[in-house]
Amino acid sequence: MAEYVDAFVTAYDRFWAPYPERMGEAWLRLHAHVAPGSERSLLDVGCGTGIVAARFAAAGYRVVGVDISEAMIDRARERLAGTDAVLIAADAADFEVPRPCAFAVSTYDVLNHVGDIDRVRAYLRCVHRAVAPGGWFGFDMSTTRGLLADVPPVARQDGTVSVEVARGPLDGDRRPLHVTGQLRTEDGRTAPFTTTITNTAHPVADVLSALAEAGWATSHVAAIDDLLTPVPDPEALPRVAVVARRD
């Protein structure tokens, strides 16, 4: 998993925010549907800058956020200032929470960022321990099809930050995403930054097997824009959501 620098965190908030904003609303609707009347508490694993967590906090949830990046957690603290959110800098496969939550989410392919299948198993077990009995877990992931797709480089900029994103070649089951850019500081200077995000492809069937091994009782795989309806062939989609319940 990448350790993101401060400048990339600013770029993330400027250019990557629409997807977690959309998923925050979708996860809220999902939890209201599958667990009406349950305790309002959320564990956001790989919370990034706190976009999803802030949406749940605004809806009255007790929020715990976990992210490996200190820079991301610092930005999340700014975003969630004035709430009682607990934000923890820790590995998604090795963390503890003050008390279990009723609902856990991971947004923007955290599972692909974790590493090999043994690390994925540790991640799923760790989340299982942090969710209360009867609680739910929703996460999205890029499928092998999604990571194999050739995506042209993307360049974005505004008055403060510019960024270029390009996929590297597939190396076995891993594919790097190279991010370079510049942040304009308050005194007018520019600070360059670079980071590489490594994504690991996991067959959906292997992830579902790992879920069962970790103790998750039921699960279904859905399209991102319809979290409640199982899809017959998840591998045909570039990205899917997985919904699981803890007994």
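If you're wondering where the values come from, they're calculated on a predicted model, not measured in any experiment. (Residues numbered from 1 in each chain as written. Predicted model: local features only at pLDDT ≥ 70, side-chain atom pairs only at ≥ 80, totals over all residues. Heavy atoms only, no water.)

*Asks:* Would you take a moment to explain the pattern of salt bridges for this structure?
*Replies:* Opposite charge on two side chains allows them to pair when their charged atoms are near. Overall, the coordinates contain 15 salt bridges when judged by the stated rule. For the salt bridge of Asp187 with Arg189, the shortest nitrogen-to-oxygen distance reads 2.8 Å. Like Asp187, the residue Arg189 is exposed in the burial classification. Salt bridges here are not isolated pairs; linked through shared partners, they connect Asp13, Arg75, Glu78 and Arg79. (Salt bridge = Lys/Arg side-chain N within 4 Å of Asp/Glu carboxyl O. Buried < 20%, exposed > 50% of the residue type's maximum accessible area, 1.4 Å probe, protein only.)

*Asks:* I keep staring at the state of the cysteines and nothing clicks. Help me out?
*Replies:* Simply put, disulfide is the name for a covalent bond between the sulfur atoms of two cysteines. One pass over the structure, following the stated rule, counts 0 disulfides. Here Cys47 is not disulfide-linked; the sulfur of Cys101 is the nearest cysteine sulfur, at 12 Å. (Disulfide = S-S within 2.5 Å.)

*Asks:* Hey, could you run me through unusual backbone geometry in this one?
*Replies:* Peptide bonds are, in most cases, trans, and in most cases residues other than glycine have a negative phi. For Tyr108, which is not glycine, the phi dihedral falls at a positive 75°. Phi at Asp109 takes a positive value of approximately 65°, unusual for a residue other than glycine. Examined against the element boundaries, Asp109 turns out to sit in the loop between β4 (101–106) and α5 (110–114). A relative accessible area of 6% places Asp109 in the buried class. (Helix = DSSP H or I, 4+ residues; strand = E, 2+ residues; numbered from the N terminus.)

*Asks:* Help me out: how do you make sense of helix α4 (residues 70–79) in this one?
*Replies:* In an α-helix, one turn spans 3.6 residues; hence positions three or four apart end up facing the same way. Taken together, the buried positions of α4 are Ala71, Met72, Ile73 and Ala76. Close packing links the buried residues of α4 with α1 (6–16), β2 (62–67) and β3 (86–89). Two or three places before Ala71, at the start of α4, stands the capping residue Ser69, its side-chain oxygen 3.3 Å from that residue's backbone nitrogen. (Contact = heavy atoms within 4.5 Å. Polar contact = N/O pair within 3.5 Å; in protein donor to acceptor, adjacent residues only side chain to side chain.)

*Asks:* I'm lost on helix α2 (residues 18–34) in this one. Help?
*Replies:* Here α2 spans 25 Å end to end across 17 residues, near enough to the 24 Å set by a 1.5 Å rise per residue. Turning to α2, its buried residues are Tyr19, Pro20, Met23, Gly24, Ala26, Trp27, Leu28, Leu30 and His31. Those residues of α2 that are buried lie in contact with α1, α3 (51–58), β4, β5 (131–142), β11 (226–230) and β12 (239–246). (Expected span 1.5 Å × (residues − 1).)

*Asks:* I'm lost on the nonpolar core in this one. Help?
*Replies:* As a rule of thumb, soluble globular proteins bury nonpolar side chains together. Among the nonpolar cores identified, the biggest contains 36 residues, and Leu43, Phe95, Tyr123, Leu124, Val127, Phe139 and Trp216 are the most heavily contacted of them. It is helix α6 (residues 117–130) that contributes the most residues to this core, 7 residues altogether. What Phe139 contacts, discounting residues up to four positions off in sequence, is Trp27, Ser106, Leu111, Tyr123, Leu124, Val207, Leu211, Val240, Ala241 and Val242. (Core = buried A, V, L, I, M, F, W, Y, C linked by side-chain atoms within 4.5 Å.)

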